[in-house]
Structure formats: structure tokens, C-alpha cells
Amino acid sequence: MRTWALTKRLLKQIIRDKRSVAMLFVAPLLVLWLLSVVLTTSTTQADIDVVDLSTPFVEQLEKTDATVREVSLEEAKQDLADREADGYLQLKDGTLHIVLEGSDPAVNGAVQKAVQEASKGYAQEQAEKLKNRREQAGASSGTGMPTGVGAPNAPQVPDDRLLDGAPVSQLPLTTEVEFLHGGTDLTKMDYMAPVLIGFFIFFFVFLISGVSFLRERTGGTLERVLATPIKRFEIVLGYFFGFGVFAVLQTALVQWFTLNILDVQSVGAFGAVLVINILLATVALSLGTLLSAFARNEFQMVQFIPLVVVPQIFLSGLFDLRNMPEWLRKLSEILPLTHAADALRGVMIRGESLGDIQVSLWVLLGYCVLFLTLNILALRRYRKV
Amino acid sequence: MANIREQEAVVEIRHLVQQFGKRVVLDDISFTVGRGEILGLLGPSGSGKTTLVKTIAAVGDYAGGEVRVLGRKMPDYATISKIGYMAQADALYHDLTGYDNLVFFAELFGVPRGKRKARIAELLELVQLSEHAKRLVQNYSGGMKRRLSLAVALLHEPQVLILDEPTVGIDPVLRQDFWREFLRLKEQGTSILITTHVMDEAEHCDRLGLIRDGKLIALGSPEQLKQEAEAETIEEAFLRFGGVRG
């Protein structure tokens, strides 16, 4: 009842504050649109598994940027599913097959680039060998055979095979690419969008709810409200629901805009994405109101952004963390935005269901409950009962 | 003085000590406020008046001693709804109308839905804000905000009224109206604890407590205090008690 009084009051206040409404609803759309325009690809190193390929080719592959592992087909498939590897190479019916994990276009590109480089290097090496052999043969017989020296489609030399059944004559290799997830039309924006949606929802809800709760403290109204028979948890919940309404609306709008207007690819259900985003918004909401207890004014609240919000975006999977120091990766694993980003990517790119990503959902829910509880305790500073 | 019955003490403060860090803000303060009594707390700014009334209104903790309101040791959740508190700073929502502010606090105090509208209209009339009720508080003058704050404190017809400098920034005519209302509430049995540093208001109080540097240096009716200090005015008496020669 008193919670509802507070919720109603907040709704009235927010609706009256046109600029904050604009900030909640227009700003994220604008920024997302800009990002979708300017996003460019960056270079990435690939992890490639090879299944039963000949040593000379693997050696060529190892000369590229890629990290190469020789494994069995089962291991390769498992690695791909576990996202330990970005793709594996296998010889099938005489052609070289590349199977890609497929979620990140930059990584897809990196794998293909590495394979192309290796193929080229291998072809040159083979051609070189062939030429040397011919020259040796020609010198001994005395008849120089006119052949396309150095050309990859030189006559077949039985011992010089790329792999079992793949004759050198087929060089440069024709490759066929298969995607476990995503596809060739997956852009950098498609890969980043799930994280960005999560980030903007987190950022704007965090800031607005935090500043609003702070204003309640600094304006003396929090103390005034605590001099009425409202319970501390009713205050926290009132804020939670008041901003929760806007967080849900904002989330739905941002998500609709990203998927339908920016045409970001999503194979998962709209509802599942919404559930993740709303859960993330509640974490931002509870964290914002909690942290406002440690700020004396709006400026100090804004100081939390580089401390709390910005590191999360860097560590949430927007950038590739696989070469980062161990402690940084560990840190990233405990951040709420990382869990939201993982869940969002799982649903939007790999089409996972809520059941598949439930660990992340529980973690987010846990954070939300933790922050709300701490906030109720923090209010003891003003009133003990 | 005659109408004060100690056994009916509504507010009882015994040996109250308050500290912020190492700084002692309230030092061994004891007094009571009876039913239907107006007790004025007089003292320069920074003397600890606001800290004292906050403690009684349950929004402040204390380091030692005991504060009882209506027989319950404070802070006590059930007692909060029987206290009307008007803070020194206007704790109002500036982005809402005066009316919306009153509705919000009426809901928090649990004023029954049926009575709410009538009660709000009555209070708006009392503080002469009826015609400004639909305006945003940010467009109110300082005096209008004080009046709205008082209306908020009176919404739930509290038995104990704690007013922290209620008449700051209010014109003399309205100040008279305020005091007429305080005296009317007193007649109905409301106990009022009021802080001020305006000396002429002090004459209206049944008893006065003089506070200086966190200590209660004198307590009694205005006449008593003047007699004890052999002073013509309360102001003079206050200075004498404070150890300053008038």
C-alpha cells in the first residue's frame, strides 16, 4: 500500500520530467543507431583445430596468426560446442572443410584468412618441390619438359599429397565453410548488439534511478518520508517498482528498435530476450539506488560511471578477452553485465532457450536481491526501525 | 504552568546524549512535555535543537540516555504515526504540485481514502494555499513552502507535533495565524515541541528550554525564566543563562 503510494509518486515525477523521459527512451536508440553505422571490424586471432591433415599443411597453418591444435573429429566438435575453438579443418571427399563456430564474424573471418594463407603457402611450397624434382629429373634425362613451372595444377606426383586422397593438382584448395551458428551475413553489429542493448539498459536505468534516489536523500525528503510510518523495505520496493515500470518500457523499446529498425539478427524468442533485459534492468536499478547511498551529490553519483559501468562494458564480452590476464577474465566472470551479455548472445545468435541460460538468469536475480537487501540495510543509517 | 501534569508526560527525555564522531552534540539533556503543552526550545543555530527534535521524531539515533514518546522508547515504529514532524528544511517534492505532495504524504500516513480529500482541502484552507494547490512546488515562495510543510505535518492529526522553526520566512500576519492554530491544537490536547530562535514567539510557549552548546541551560515558564535571571525580556534572560552579561 505505502509501496504503491511511492511508486505512484515516482511515476508522476518521471512523467513530468520530460528530459529524463527523453534520456530513457530516445538516447539509447540514438546511440545504438550511431554505433550500428560506425561499427567496423577489428583483427582477431583464431583458434583452429585440425583433424587428420598432413604435416606440411599444418606447418603452414602454424605460420599464420592462428593457434593450431591437432585433434580427433570428436574432440574438434566438442571444442566447437564448448567454444574452445573457433573452427576445425577436415578433409572430406577431397575438399578441405572448415567448420566454424560462427557467432563472431571477426573470428569467422580470422579463421578463413588463416586457412587461405596456409593454403597459399602450401601451394607455393609444393610447387617449389615439384620444380626442384623436375629439374633434377630433367638434368638426369637431358630433356627439359615444358611445364607450367610453379603453377599449382602441375602434373601429379603420387607421393606429394596434401592429405590422403587430396592430390596436389587441386591446389589452391577449394574450401567450403559451414557455420554451427550465425552465418556469413552475421555482421559485427549483430555480434555486438546483444551486449550493447544490455549495456544501454544498464547504464540509463542505473543513472536515472541512482540520481533520483540521491535527490531524495539530499533534498531531505527521504528523512521526511522516514518520519512517516513507512517501512524501509517499502521505500526500496516503491523505488524498485516505480523505476521498474520505465525500465520495462525502455527495454521493450530498445529491443524492438534494435531488432526491427536496425535489423540486428536474432534467432531467439523476443520474450526470452526481454526476460534477460528486464532482469538486467532490475540489477541496474537496485545497484543505482544502493550506490547513491555512497554519493553526497549528483556529481559524485556520476563518478560511479567510470568505476562501475564502464569497466563492465569492456569486460562483458564486447571485446575479445581470450588473451587478457587471468585475473581480468576472472573479474569479468563475476560482473552482472557479463552474465547478461552471455545470455543475450546465447539467445539472439545461438537460439538458446531460457533453460539453456538459466545460470546467468539466476546470477542476475541473485545480484538484484543482494543489492535490494543491502539498500534496505543502508537505510538503517536514517532510521533504526 | 498550572496545566502541566508530570504523570501525563507525552514526551520524556532522560539524560539524552548524542555524538557525531567525537563531537558531543547533545549533552545529558532531560525534560518532559506534558499533554496539551507547548514547549519551546530556544537557542542559537548550531546549538543542537534540530538534532534533538530529529531524535524525538525517530529519524535520528542517539548515543545514550532514553527518549520516550507516548510511553514507548524511541525509535519505535508504531509511535511514528502519532507524531507530526515539520523539518527545518522544506522536505517537499518540488516537481510535484502542492496537492500531489499532500496526497502522497496522506497515503504514507494511512489517512483513510474516504477522508483524504476532505482533510487535504481543510489543511489547504488552513495554510491558505487552496488557490495554489495545483501549482508546482518549485514555483512556490519560501513562505508557501513552509505552509505546505506544516500542512504535511498536520495531515494525520498527530498527538505530538514536532516543529523545527516553523515560522521562518513567514510574514507576521500568517505567523499569527500559525500560532492561533497551534494554540487551538493545544486546547484539543496536542503536545507541541517547537524550536525557534525568534524570541517573541517564545512568549507563546507554556515552558521554554534554553539550549546552548548541546546543554539544556534553563527550563521553565517564560515568567519564571525572566524572574530567575532578573531580566526584562526572554532574550536578556537567555544571555544571562548563557553566562553573558546583558
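Small disclaimer: the values here were computed from a predicted structure and weren't measured.

Calculation criteria
Residues numbered from 1 in each chain as written. Chains lettered and ligands numbered in written order. Predicted model: local features only at pLDDT ≥ 70, side-chain atom pairs only at ≥ 80, totals over all residues. Helix = DSSP H or I, 4+ residues; strand = E, 2+ residues; numbered from the N terminus. Buried ≥ 20, exposed ≤ 12 C-beta atoms within 10 Å, placed from the backbone. Contact = placed C-beta atoms within 7 Å. Pairing = 2+ DSSP bridges. Axes fitted to C-alpha atoms, helices over the stretch in contact; angles between N-to-C directions. Parallel < 35°, antiparallel > 145°, perpendicular 65-115°, else oblique. Left-handed = near helix turned anticlockwise from the far one by under 90°. Nonpolar A, V, L, I, M, F, W, Y, C, P; charged D, E, K, R; others polar. Expected span 1.5 Å × (residues − 1). Arc of directions from axis to C-beta. pLDDT = per-residue confidence, 0-100.

A separate point is the overall build of chain A. The number of helices and strands found in chain A is 15 helices and seven strands. Looking at chain A as a whole, 42% of its 385 residues qualify as buried. Across chain A, contacts joining residues at least 24 apart in sequence account for 74% of those joining residues at least 6 apart.

Turning our attention to unusual backbone geometry. All names here are of chain B. With an omega of -5 degrees, the peptide bond between Met74 and Pro75 qualifies as cis. Summarising the element assignment, Pro75 is placed in the loop between β5 (72–73) and α2 (77–80). One non-glycine residue, Gln128, adopts positive backbone phi at about 55 degrees. Topologically, Gln128 is positioned in the loop between α4 (113–126) and α5 (142–154). You can call Gln128 partly exposed: it has 14 C-beta atoms within 10 Å.

A few words on the pairing of strand β10 (residues 215–220) of chain B. Residues and elements named next belong to chain B. Sheet topology note: the strand β9 (residues 207–212)/β10 ladder contains five bridges and is antiparallel. From the neighbouring strand, Ile211 faces β10, where its bridge partner is Leu216. Between β9 and the antiparallel strand that follows it, β10, lie two residues; Asp213 among them carries a positive phi value of about 50 degrees.

Now for the pairing of strand β3 (residues 38–42) of chain B. Residue and element names in this part refer to chain B. Among the five residues of β3, five are classified as buried, and the element is accordingly described as predominantly covered. Of the two faces of β3, the one lined by Ile38, Gly40 and Leu42 and the one lined by Leu39 and Leu41 are each fully buried. Where β3 and strand β8 (residues 191–196) come together, five bridges link them in parallel fashion. By the bridge assignment for β8, Leu42 is matched with Thr196. Inspection of the sheet shows β3 paired to β9 by four bridges, in the parallel sense. Its bridge partner lying in β9, Leu42 is registered against Leu210.

Our next topic: the packing of helix α7 (residues 188–218) of chain A against helix α12 (residues 304–318) of chain A. Residue and element names in this part refer to chain A. Running from N to C, α7 and α12 cross one another at 160 degrees; their axes reach a closest spacing of 10 Å. Classified by the angle their axes make, α7 and α12 are roughly antiparallel. The two elements α7 and α12 cross, and the hand of that crossing is right-handed. Facing α7, whose interface residues are Met192, Val195, Phe199, Phe202, Phe203 and Phe206, α12 presents Val309, Ile313, Ser316, Gly317 and Leu318. In terms of residue class, the contact of α7 with α12 is made up of nine nonpolar, two polar and no charged.

A few words now on the sheet that holds β8 of chain B. All names here are of chain B. Read across the open sheet, the six strands follow the order β6-β7-β8-β3-β9-β10; overall the sheet is mixed. Two strands in the sheet have a free side with no partner beyond their single neighbour: β6 (83–86) and β10. For this sheet the average axis-to-axis angle between neighbouring strands, irrespective of direction, equals 15 degrees. Across the sheet, helix α8 (residues 222–229) is in contact with β9 and β10; its angle to β10 comes to roughly 110 degrees.

Turning next to the environment of Ser149 of chain B. Residues and elements named next belong to chain B. Along the chain, Ser149 falls in helix α5. The exposure class of Ser149 is buried, given the 24 C-beta atoms found within 10 Å. Look past the residues within four positions of Ser149 in its chain and what remains in contact with it is Met86, Asp90 and Leu92.

What follows covers the interface of chain B and chain A. Across the boundary between the two partners, chain B contributes 23 residues, which contact 22 residues of chain A. Here the element with the most residues in the side of chain B that touches chain A is helix α3 (residues 98–109) of chain B; it accounts for six residues. By residue class, the composition of the side of chain B that touches chain A is 16 nonpolar, two polar and five charged.

The next point concerns the sheet that holds strand β1 (residues 9–20) of chain B. Residue and element names in this part refer to chain B. Sheet architecture is open: four strands sit in the order β2-β1-β4-β5, paired in antiparallel fashion. This sheet does not close on itself; its edge strands, each paired only once, are β2 (23–34) and β5. Summarising the sheet, β1 and strand β4 (residues 64–69) pair through five bridges and their orientation is antiparallel. Bridging from a neighbouring strand, Val17 pairs with Gly64 of β4.

For the rest of this paragraph, the subject is helix α6 (residues 172–187) of chain B. Residue and element names in this part refer to chain B. A rise of 1.5 Å per residue sets the reference length of α6, with its 16 residues, at 22 Å; its end C-alpha atoms lie 23 Å apart and thus fit the reference within 8%. Residues of α6 that are buried include every one of Phe178, Phe182, Leu185 and Lys186, and no others. Down the axis, α6 shows its buried residues gathered within 105 degrees of arc, on one side only. Opposite the buried face of α6, by more than 90 degrees, sit the exposed residues Val173, Gln176, Arg180, Leu183, Arg184 and Glu187. Taken together, the buried residues of α6 touch β3, β7 (160–164) and β8. Gly189, located one to two residues past α6, shows a positive phi value of around 105 degrees.

Here the focus is the confidence of the model for chain B. All names here are of chain B. Taken as a whole, chain B shows an average pLDDT of 88; of its residues, 96% reach a score of 70 or greater. Under a pLDDT of 50 for its full length, residues 1–6 has, in the predicted model, eight contacts with residues more than four places off or in other chains. Overall fold confidence for the complex sits at a pTM of 0.74, while the interface term, ipTM, reaches 0.86.

Residue and element names in this part refer to chain B. Within the secondary structure, Gly60 is located in the loop between α1 (49–56) and β4. The exposure class of Gly60 is buried, given the 23 C-beta atoms found within 10 Å. Residues Gly60 and His132 lie 72 residues apart in sequence; the distance between their C-alpha atoms is 33 Å. If we ignore the near neighbours within four places in the chain, the residues touching Gly60 are Thr51, Lys54 and Thr55.

To continue, consider α5 of chain B. Residues and elements named next belong to chain B. With 13 residues, α5 extends 19 Å between its outermost C-alpha atoms, agreeing within 8% with the 18 Å of an ideal straight helix rising 1.5 Å per residue. With eleven of its 13 residues buried, α5 lies for the most part within the structure. What α5 keeps buried is the set Met144, Lys145, Arg146, Arg147, Leu148, Ser149, Leu150, Ala151, Val152, Ala153 and Leu154. Buried residues belonging to α5 abut β6, α3, α4 and β7.

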